[in-house]
Amino acid sequence: MPPEVICLGETMALMAPESGGPLARAELLRLRVAGAESTVAQYLSDLGHRTAWASRLGRDPFGARVAAALAGSGVDTTLVGYDEQAPTGCYFKDPAPEGSRVHYYRRGSAASRMSAADARALPLDGVRLLHLTGITPALSASCAELVDTLLTRAAEAGVPVSFDVNHRAALWEPGRAAPVLRELAARADTVLVGRDEAEELWGTTTAEAVREHLGPRGTLVVKDGAVGATEFPVPASASEPVFVPAPAVDVVEPVGAGDAFAAGYLSGALRGLPSRERLLLGHRLAARTLRSLDDYVPVPAAERGPPPHRDEPPTGEH
């Protein structure tokens, strides 16, 4: 059977202090696996969705570690290619409750060599959702072409696209990223963006201002950290925006929470849940990540709820 959801993007080996303290004082590092799109894939798999992750890895031990971690969490990795000449990317995390810093060693990685040819080869028949982020077009010119081609192919095939803006200032400065990310958001069926990153990119200070600036053709979800999240429905809909406050959480480390939220929200959309329940599910998964040093914290079987019905409408439809 084809996957229900395809998540495409780079996943890397992650090194972080075992103690959770500052990187500069760490004596022991723990090796993890992390990537925005693959984190979404892992959580969607936990929640019962047939999910595939598409990417490219180096033919090296880090690539083997990444593939094994994704497959071990139930994600289909048959859409992953391997590069004999380029390495798997890696990065180091310097954790802090107020916001971690990351140090990338990904230039020239296998994933950065993905191109429009990979987009043309991706099987979309039977897929209910294609999930992309704004990280991928920042990796290289060929990756930007990959995303552009995928959006065109998905539109032609009638496959809904979710797009998480996920701006990474370490990859490209806001002035260069802002117009590109706005144009990509305009082509997606569901757009997720943090209010803080939207302010950095476009100078918008409220969820309503983000909605006015982006004017997406589909559903917009603005995440505002510990405050909550707002869903703005498809513009043609008569529905009012829906705001759900975030639960109080003792934050250990915030990286990855946005991807967990995206997975919860998208699972709710794929199941045809009402807006409030989609947002609540997003908050619940984000809270799991906020309480951990890991980007992905497996959901226990007892908390996963009933399996989704496969005949429900895809995300973006109301």
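Each remark here, short or long, concerns the structure printed above.
Residues numbered from 1 in each chain as written. Predicted model: local features only at pLDDT ≥ 70, side-chain atom pairs only at ≥ 80, totals over all residues. Heavy atoms only, no water.

**Student:** I'm lost on the packing of helix α5 (residues 174–186) against helix α6 (residues 195–202) in this one. Help?
**Tutor:** For any two helices packed against each other, one specifies the inter-axial angle together with the distance between the axes. In the contact formed by α5 and α6, the axes pass within 8 Å of each other and the chain directions differ by 110°. Between α5 and α6, the angle falls in the class roughly perpendicular. Together, P174, A177, A178, L181 and R182 of α5 and E200, L201 and W202 of α6 make up the contact between the two elements. A per-class count over the contact of α5 with α6 returns six nonpolar, no polar and two charged. (Axes fitted to C-alpha atoms, helices over the stretch in contact; angles between N-to-C directions. Helix = DSSP H or I, 4+ residues; strand = E, 2+ residues; numbered from the N terminus. Parallel < 35°, antiparallel > 145°, perpendicular 65-115°, else oblique. Contact = heavy atoms within 4.5 Å. Nonpolar A, V, L, I, M, F, W, Y, C, P; charged D, E, K, R; others polar.)

**Student:** Help me understand the sheet that holds strand β4 (residues 51–58) in this model?
**Tutor:** As a general point, the strands of a sheet are linked pairwise by backbone hydrogen bonds and lie either parallel or antiparallel. The strand order across the open sheet formed by nine strands is β5-β4-β1-β8-β9-β10-β11-β12-β13, and the pairing between neighbours is mixed. Each edge of the open sheet carries a strand with a single partner, namely β5 (80–83) and β13 (242–245). Averaged over all adjacent pairs, the angle separating strand axes in this sheet is 15°, with direction ignored. α6 contacts β9 (161–164), β10 (190–194) and β11 (219–224) of the sheet and is inclined by roughly 85° relative to β10. (Pairing = 2+ DSSP bridges.)

**Student:** Would you explain the sheet that holds strand β6 (residues 90–94) in this entry?
**Tutor:** The strand order across the open sheet formed by four strands is β3-β2-β6-β7, and the pairing between neighbours is mixed. Both edges of this open sheet fall to β3 (29–34) and β7 (101–105), since each of them pairs with a single strand only. Shown here is a sheet whose adjacent strand axes are inclined to one another by a mean of 25°, direction ignored. For strand β2 (residues 12–17) and β6, the ladder comprises three bridges, and the chain directions are parallel. Within β6, the residue paired with M15 across the bridge is F92. Against the sheet, helix α2 (residues 61–72) contacts β2 and β3, and its axis sits at roughly 60° relative to β3.

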